[in-house]
Amino acid sequence: MYKVEVAEDVAEFIRGQTKKVQRQLHTKIKKLGKNPHPPNSIKLKGTNNLYRIVSGYYRIIYTVEHKEITVLVLRIAHRKEVYKNLPQA
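Residues numbered from 1 in each chain as written. Predicted model: local features only at pLDDT ≥ 70, side-chain atom pairs only at ≥ 80, totals over all residues. Heavy atoms only, no water.

### Considering the nonpolar core
Next up, step 1: Formed by 16 residues in total, the largest nonpolar core has its most connected members in Leu25, Ile60, Tyr62, Val73 and Ile76.
Next up, step 2: Residue contacts for Ile76: discarding those within four places in its chain leaves Val10, Phe13, Ile14, Leu25, Ile29, Tyr58, Arg59 and Ile60.
Next up, step 3: Listed in part, the six residues of the second largest apolar core include Leu44, Ile61, Val82 and Leu86. (Core = buried A, V, L, I, M, F, W, Y, C linked by side-chain atoms within 4.5 Å. Buried < 20%, exposed > 50% of the residue type's maximum accessible area, 1.4 Å probe, protein only. Contact = heavy atoms within 4.5 Å.)

Laid out in structure tokens, this is it:
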């Protein structure tokens, strides 16, 4: 089981969504703790260790630290905005 950490700005983004979207995002993020590379997970091209999963109109960008057994959620945003200025993890 992986420990899932959420960046503060991501937590703030989630709090600003409707209850329905909040539940959807929390469910997806929680599942990453059980399997950090689910079947719909895609490694982002041009990055060392960033992955993406889809939740409705939103994309969840995260990195996996296997040594620390941690999944760090770095960004959640609308599909049109999420890939702008991505960190190079």
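### A short note on the sheet that holds strand S3 (residues 51–55)
Next up, step 1: Spatially, S1-S5-S4-S3-S2 is the arrangement adopted by the five strands of the open sheet, whose pairing is mixed. With partners counted over all chains shown, the strands left at the sheet margins are strand S1 (3–6) and strand S2 (42–43), one partner each.
Next up, step 2: In the sheet, S2 pairs with S3 via two bridges, with the strands oriented antiparallel. The residue bridging Ile42 from the neighbouring strand is Arg52, located in S3.
Next up, step 3: Relative to strand S5 (residues 70–78), helix H1 (residues 8–15) is tilted by about 50°, and along the sheet it contacts S1, strand S4 (58–65) and S5. (Pairing = 2+ DSSP bridges. Helix = DSSP H or I, 4+ residues; strand = E, 2+ residues; numbered from the N terminus. Axes fitted to C-alpha atoms, helices over the stretch in contact; angles between N-to-C directions.)

### As for the packing of aromatic side chains
Next up, step 1: Under the counting rule described, the total for this entry stands at two aromatic pairs.
Next up, step 2: Measuring from centroid to centroid gives 5.7 Å for Phe13 and Tyr58, while their planes differ by 70°, and the two rings are edge-to-face. Linking Phe13 in helix H1 with Tyr58 in strand S4, this pair joins segments that are 45 residues apart in sequence. (Phe/Tyr/Trp six-rings, centres within 6.5 Å; stacked < 30°, edge-to-face > 60°.)

### A look at the pairing of S3
Next up, step 1: The buried count for S3 comes to four of five residues, which makes it a mostly enclosed element.
Next up, step 2: Note: S3 against S4, five bridges, orientation antiparallel. Each residue of the ladder has a partner; that of Arg52, found in S4, is Ile61.

### Thoughts on the side chain of Arg52
Next up, step 1: With respect to the helices and strands, the residue Arg52 is situated in strand S3.
Next up, step 2: Here the side chain of Arg52 touches Tyr83 through a polar contact of 3.3 Å, side chain to side chain.
Next up, step 3: The contact partners of Arg52, leaving out residues within four places of it in the chain, are Asn40, Ser41, Ile42, Leu44, Arg59, Ile60, Ile61, Tyr62 and Tyr83. (Polar contact = N/O pair within 3.5 Å; in protein donor to acceptor, adjacent residues only side chain to side chain.)

### Observations concerning the pattern of salt bridges
Should their charged atoms come close, side chains of opposite charge can pair.
Next up, step 1: Under the defined criterion, the tally for this structure stands at three salt bridges.
Next up, step 2: Between Glu5 and Lys3 there is a salt bridge whose closest N-O contact spans 3.2 Å.
Next up, step 3: With a relative accessible area of 32%, Glu5 lands in the partly exposed category.
Next up, step 4: Arg15 is paired through a salt bridge with Glu8; the nearest N and O atoms lie 3.1 Å apart.
Next up, step 5: Judged by relative accessible area, Arg15 falls into the exposed class, the value being 54%.
Next up, step 6: Assessed through its relative accessible area of 53%, Glu8 is described here as exposed. (Salt bridge = Lys/Arg side-chain N within 4 Å of Asp/Glu carboxyl O.)

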